Amino acid sequence: MFESLSDRLGKIFDGLRGRGALSENDVNEALREVRRALIEADVSLEVVRAFVEQVRERAVGVEVTRSVTPGQQVVKIVHDELVRVLGETAVPLDTATTPPATILMVGLQGSGKTTTTAKIAKRLKDKQNKKVLMASLDTRRPAAMEQLRVLGTQIGVDTLPIVPSETPVQIARRAAREGKLGGYDVLMLDTAGRTHIDEELMAETAEIKAVSDPHEVLLVADALTGQDAINLARSFDQRVDITGIVLTRVDGDGRGGAALSMRAATGKPIKLIATGEKMDALEDFHPGRIADRILGMGDIVSLVEKA
Amino acid sequence: KRSSDQITGGITSVFTKRKLDAATLDELEDVLLQADLGMDTTSAIVETLRRDRFNRDISGEDVRAVLSDEVGKALTPVARPLVIDTAHKPFVILMVGVNGSGKTTTIGKLAQKFAAEGRTVMLAAGDTFRAAAIEQLEIWGRRTGAPVVAKPAGSDASGLAFDAVTRARAEGKDVLIIDTAGRLQNRDELMSELEKIIRVIRKVDPTAPHAVLLTLDATTGQNALNQVEIFGKRAGVTGLVMTKLDGTARGGILVAIARRFGLPVHFIGVGEGVDDLQPFQASDFAAAIAGKEQ
Ligand SMILES: Nc1nc2c(ncn2[C@@H]2O[C@H](COP(=O)(O)OP(=O)(O)OP(=O)(O)O)[C@@H](O)[C@H]2O)c(=O)[nH]1
Ligand SMILES: Nc1nc2c(ncn2[C@@H]2O[C@H](COP(=O)(O)OP(=O)(O)OP(=O)(O)O)[C@@H](O)[C@H]2O)c(=O)[nH]1
Ligand SMILES: [Mg+2]
Ligand SMILES: [Mg+2]
């Protein structure tokens, strides 16, 4: 349903081919289309503005070589800039600390925390031979603890026994104890979903963080998120100082502009992407692919097929 | 209130302006874009304001009012309640939507509402796929006093739906609400499974399902348009419920959806509790998008 940015820019620059350097006027017109494309891809407006300015600086005066059209030239500049903002080099999950390395999962309701907790545990177990313990601190959502327990059984990873009537902070303490005594390499803490303006629950998150001293705090966020991405990422980061982001539902056909918003708002790396409901649908983050997708020129199919 | 607080900042800066000039219109455009209305819908609304009101004297309060009026115009036709036709016994409601959008929770809230209206309700645990989805619905059933039809995890979802309609009919229930597993609309085989559930339900009652409700997460951006389009085509969606409006997302994509599809919007979800379901009110929703005081 979206016309790709290169098609649109192609139209603007029709007849402009081979005219030397890009003038300020050419660039201005192109940037209106870039702005439009980014907003349609769900990049938060504040981030769009800053981004368009960066592209402007790079683009004015750039020589258009004879082998490409001015439109292609601008798309390339935009694409490179997207990759730069999204983070050029992958930042892997870090578990190198005195065991157990604790990983705290946070995010809005339904973003995919519990599923991703189990996927990461499975990956650490299978690929790095780690002994992992998972604990659900979600005392609110019906059957949330049972959900993690079932997933643990499916993937062959231990879960902290469920003790009804404990508070999330009490469970976090018990998990830390069990993590140490049980000789686990990694302790994964799943938490209840919360809206970032729920003062009480955000305070609870901060307290959980204080008692569990996590090595990684991962914000789990839906790739289909719209303009709110910047608000939620900023709030979670300010409150619990996240160490990275996991983008879920990348198997959807959303344009994924939220990735750019969250990265730009927090400066925190996108560490992993989740591409399905199954336990092995977890992949490393490739900024180039997300950039292609934001610009509507990506090969979404290959991602979906793997899901 | 919280969503209006957030944008009030944007509007306050135009408060002192005397005319609805180009700068004011630009700021209004930003307000709409940040509420997820998308480029086309935002441009159309701002264009209407430009045409009808450009350079007229206008106060800050009026700016909010005209914006809210304009958004309200798109939403008023779709603000329609869910009517339970008592000619059908049971009145079968099928709940569909992408993963994590709030289907199961909304079913719990609806069960409570129908029970309060004096109707007998039965629930069907049609999500046989996700870990502990059955247990989750069973807890909602206990909370609201509704019996839950379930089969072991991994069972065929359409078989479960068949059993549930048969049982609800035999027991003379007023309403049967069928939960389904979350699925992304671009997964063709999962959408086919949904079509199969509907075919099988019709073997028991050719007029069912009597309502197919699609839950949309208010945090979702432009992809919600695709969700409505594909779930509409494949599952015959009859109405929408927008969830998670208690966060900071304003769900403005609903305006674009209303303009494009005209599907009724029945309810909004404003929390995780059993009572956190409200009828959809076009004017309130529009006012929240425009940052207008109630
Ligand atoms: N298609 C797809 N579905 C996913 C992905 N990750 C999670 N899900 C699904 O999204 C839904 C919600 O996932 P959960 O893991 O329960 O989300 P959560 O954040 O723990 O939810 P709460 O605990 O209720 O806040 C489930 O149906 C998952 O199967 C993904 O990458 N792709
Ligand atoms: N804040 C808020 N949370 C909600 C609302 N509706 C549902 N939730 C939460 O969102 C999460 C997902 O809700 P579910 O009802 O499990 O969603 P679902 O669509 O059934 O998910 P799957 O079956 O996994 O696809 C849960 O944590 C719910 O408590 C709402 O209106 N506001
Ligand atoms: Mg969870
Ligand atoms: Mg569900």
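Calculation criteria
Residues numbered from 1 in each chain as written. Chains lettered and ligands numbered in written order. Predicted model: local features only at pLDDT ≥ 70, side-chain atom pairs only at ≥ 80, totals over all residues. Heavy atoms only, no water. Near = heavy atom within 4 Å. Polar contact = N/O pair within 3.5 Å; in protein donor to acceptor, adjacent residues only side chain to side chain. Phe/Tyr/Trp six-rings, centres within 6.5 Å; stacked < 30°, edge-to-face > 60°. Lys NZ or Arg CZ within 6 Å of the ring centre and 35° of its normal. Helix = DSSP H or I, 4+ residues; strand = E, 2+ residues; numbered from the N terminus. Salt bridge = Lys/Arg side-chain N within 4 Å of Asp/Glu carboxyl O. Buried < 20%, exposed > 50% of the residue type's maximum accessible area, 1.4 Å probe, protein only. Contact = heavy atoms within 4.5 Å. Buried area = accessible area lost by both parts, 1.4 Å probe. Nonpolar A, V, L, I, M, F, W, Y, C, P; charged D, E, K, R; others polar. Pairing = 2+ DSSP bridges. Core = buried A, V, L, I, M, F, W, Y, C linked by side-chain atoms within 4.5 Å.

### Concerning the site of ligand 2
Right, on to step 1. Contacts to ligand 2 come from 22 residues, most closely from Lys 103, Thr 104, Thr 105, Asp 246 and Glu 272 of chain B.
Right, on to step 2. Proximal residues around ligand 2 fall on chains A and B, making this an inter-chain site.
Right, on to step 3. One nitrogen or oxygen atom from the side chain of Gln 136 of chain B is found 2.9 Å from an oxygen atom belonging to ligand 2.
Right, on to step 4. Gly 269 of chain B places a main-chain nitrogen or oxygen 3.3 Å from an oxygen atom of ligand 2.

### Structural notes on the packing of aromatic side chains
Right, on to step 1. Within this structure, the stated rule accounts for one aromatic pair over all chains.
Right, on to step 2. Lying across the ring of Tyr 184 of chain A, Lys 131 of chain A places its NZ or CZ 4.5 Å from the centre.
Right, on to step 3. For the cation-ring pair, Arg 143 of chain B lies above Trp 140 of chain B, with the distance from its terminal atom to the ring centre recorded as 4.5 Å.

### Section: the environment of Gly 97 of chain B
Right, on to step 1. By secondary structure assignment, the location of Gly 97 of chain B is in the loop between β1 (91–96) and α5 (103–116).
Right, on to step 2. Each C-alpha atom of the pair Gly 97 of chain B and Gln 227 of chain B lies 7.8 Å from the other, and the pair is 130 residues apart in sequence.

### Description of the pattern of salt bridges
Right, on to step 1. Enumeration over the complete set of coordinates arrives at 38 salt bridges over all chains.
Right, on to step 2. Glu 272 of chain B is the salt-bridge partner of Arg 140 of chain A, the closest N and O atoms lying 2.8 Å from each other. Pair noted here: Arg 140 of chain A is in the loop between β2 (132–136) and α6 (144–155) and Glu 272 of chain B is in the loop between β7 (265–269) and β8 (277–279), and the two residues belong to different chains.
Right, on to step 3. Given the relative accessible area of 37%, Arg 140 of chain A is considered partly exposed.
Right, on to step 4. By sharing partners, the salt bridges in this structure join Arg 35 and Arg 49 of chain A together with Glu 29 and Asp 30 of chain B into a single network.

### A short note on the interface of chain B and chain A
Right, on to step 1. Opposite the 41 residues of chain B that make contact, chain A presents 36 residues.
Right, on to step 2. Where chain B abuts chain A, roughly 3,500 Å² becomes buried across the two surfaces, and 53% of that area is made up of carbon and sulfur atoms.
Right, on to step 3. At the surface where chain B touches chain A, the tally comes to five salt bridges.
Right, on to step 4. Remark: the boundary between chain B and chain A carries 19 residue pairs in polar contact (both at pLDDT 80 or more).
Right, on to step 5. Mapped onto the side of chain B that touches chain A, the elements with two or more residues apiece are α1 (2–12), α2 (22–34), α3 (39–53), α6 (133–144) and α9 (223–235) of chain B.
Right, on to step 6. Here the element with the most residues in the side of chain B that touches chain A is α6 of chain B; it accounts for five residues.
Right, on to step 7. Here the residues of the side of chain B that touches chain A sort into 11 nonpolar, 17 polar and 13 charged.

### A word on the sheet that holds strand β6 (residues 239–243) of chain B
Residue and element names in this part refer to chain B.
Right, on to step 1. Strands sit in the order β3-β2-β4-β1-β5-β6-β7-β8 across an open sheet of eight strands; the sheet is mixed. Bordering the open sheet on either side are β3 (148–149) and β8, each of which pairs with just one other strand.
Right, on to step 2. Here β1 runs beside strand β5 (residues 211–217); their pairing, made up of four bridges, is parallel. Across the sheet, residue Leu 94 finds its bridge partner in β5, namely Val 212.

### Some points on the pairing of strand β4 (residues 186–190) of chain A
All names here are of chain A.
Right, on to step 1. Where burial is concerned, most of β4 is hidden: five out of the five residues are buried.
Right, on to step 2. Residues Val 186, Met 188 and Asp 190 point to one face of β4 and Leu 187 and Leu 189 to the other, with burial holding for every one of them.
Right, on to step 3. Pairing of strand β1 (residues 101–106) with β4 involves five bridges; the strand directions are parallel. For Ile 103, the partnering residue across the bridge sits in β4 and is Met 188.
Right, on to step 4. In the sheet, β2 pairs with β4 via five bridges, with the strands oriented parallel.

### Description of the nonpolar core
Right, on to step 1. Residues Leu 247, Leu 260 and Met 262 of chain A are the most contacted members of the largest nonpolar core, which totals 73 residues.
Right, on to step 2. Looking at this core, the element that brings in the most residues is helix α4 (residues 70–86) of chain A, giving eight residues.
Right, on to step 3. Beyond its immediate stretch of four places on either side in the chain, Leu 260 of chain A contacts Val 43, Val 47, Phe 51, Leu 82, Val 85, Leu 86 and Ile 294 of chain A.
Right, on to step 4. Within the second largest apolar cluster, 70 residues are counted, among which are Leu 20, Ile 198, Ala 218 and Ala 235 of chain B.

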